[in-house]
Amino acid sequence: MKRALLIFASVILANPSYAMLNEFQLQQMVGWTIIASKTIEGHITEEGKRSDDFEGCDFGTQIVFTDGKAVTCTGYGYQYAYRPTAIIFAKSLEYKGKNMTLMKMLVQGQFYDVR
């Protein structure tokens, strides 16, 4: 736990745009693990329209990273940025006898639900 907190703190301190996180937001992330830090290359809408910027999340939109991997938005939130850094978090839990992994993406102080 201490190691994860130190990693998270170093990411926050290294990128001043994350300094806008408040105590409440950090409290909500107890139990989550940072699994990746990636640069967003663009997005692809559900209709297949591709763009080379980040405009937040809309349900079903794929966020594409420079390494060719992607996550899919499961919620909505607007934000505009060109090639921002995304911190990906994961949390495993058991629901009705099945193991599940929840994921969140942090971009410039705003959290998005993704899968």
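So, here's what we can say about the structure. Fair warning: this is a prediction, and the values are worked out from it, not measured in the lab.

**With respect to the overall build of the protein**
Line of reasoning, step 1. When helices and strands are counted, the protein shows two helices and seven strands.
Line of reasoning, step 2. Listing each helix as α and each strand as β along the protein from the N terminus yields α-α-β-β-β-β-β-β-β.
Line of reasoning, step 3. Taken across its 115 residues, the protein has 35% of its residues classed as buried.

**Describing the pairing of strand β6 (residues 98-107)**
Line of reasoning, step 1. In this sheet, β6 lies alongside strand β5 (residues 85-95) in antiparallel orientation, the contact comprising 10 bridges. Across the sheet, I88 pairs through a bridge with M105, a residue of β6.
Line of reasoning, step 2. Two successive antiparallel strands, β5 and β6, enclose a turn made up of two residues, where K96 displays a positive phi of approximately 55°.
Line of reasoning, step 3. Sheet topology places β6 next to strand β7 (residues 110-114); five bridges connect them, and they run antiparallel. In the strand pairing of β7, L106 is matched with F111.
Line of reasoning, step 4. Hairpin connection from β6 to β7: two residues lie between these consecutive antiparallel strands, with Q108 at a positive phi of about 45°.

**Quick word on the nonpolar core**
Line of reasoning, step 1. Grouped together as the largest cluster of nonpolar side chains are 14 residues, with contacts concentrated most on I40, I63, F65 and M105.
Line of reasoning, step 2. Where this core is concerned, the elements lending two or more residues are β1 (33-44), β3 (62-65), β5, β6 and β7.
Line of reasoning, step 3. Judged by nonpolar contacts, the second largest core, of six residues, contains L21, I87, F89 and L106.

**Re the packing of aromatic side chains**
Line of reasoning, step 1. Considering all chains together, one arrives at two aromatic pairs under this definition.
Line of reasoning, step 2. Between the aromatic rings of F54 and Y112, the centroid separation amounts to 5.7 Å while the plane-to-plane angle is 85°, which identifies the pairing as edge-to-face. Linking F54 in the loop between β2 (50-51) and β3 with Y112 in strand β7, this pair joins segments that are 58 residues apart in sequence. Comparing F54 with Y112, the two get one shared label, buried.
Line of reasoning, step 3. Measuring from ring centre to ring centre gives 6.0 Å for F89 and F111, while their planes differ by 50°; the resulting arrangement is tilted. Residue F89 is found in strand β5, and its partner F111 is found in strand β7; the two are separated by 22 residues along the sequence.

**So, the environment of K38**
Line of reasoning, step 1. Relative to the helices and strands, K38 resides in strand β1.
Line of reasoning, step 2. Judged by relative accessible area, K38 falls into the buried class, the value being 18%.
Line of reasoning, step 3. A C-alpha to C-alpha distance of 9.6 Å links K38 and R83, two positions 45 residues apart in sequence.
Line of reasoning, step 4. A distance of 2.4 Å separates polar atoms of two side chains, one belonging to K38 and the other to D67.

**Regarding unusual backbone geometry**
Line of reasoning, step 1. At K96, a position not held by glycine, the phi torsion is positive, near 55°.
Line of reasoning, step 2. If you trace the backbone, K96 turns up in the loop between β5 and β6.
Line of reasoning, step 3. Classification of K96 by relative accessible area gives exposed; the value is 73%.
Line of reasoning, step 4. In this model, Q108 sits at a positive phi of 45°, which is unusual for a non-glycine residue.
Line of reasoning, step 5. For Q108, the position within the fold is in the loop between β6 and β7.

Thresholds, definitions, all that
Residues numbered from 1 in each chain as written. Predicted model: local features only at pLDDT ≥ 70, side-chain atom pairs only at ≥ 80, totals over all residues. Heavy atoms only, no water. Helix = DSSP H or I, 4+ residues; strand = E, 2+ residues; numbered from the N terminus. Buried < 20%, exposed > 50% of the residue type's maximum accessible area, 1.4 Å probe, protein only. Pairing = 2+ DSSP bridges. Core = buried A, V, L, I, M, F, W, Y, C linked by side-chain atoms within 4.5 Å. Phe/Tyr/Trp six-rings, centres within 6.5 Å; stacked < 30°, edge-to-face > 60°. Polar contact = N/O pair within 3.5 Å; in protein donor to acceptor, adjacent residues only side chain to side chain.

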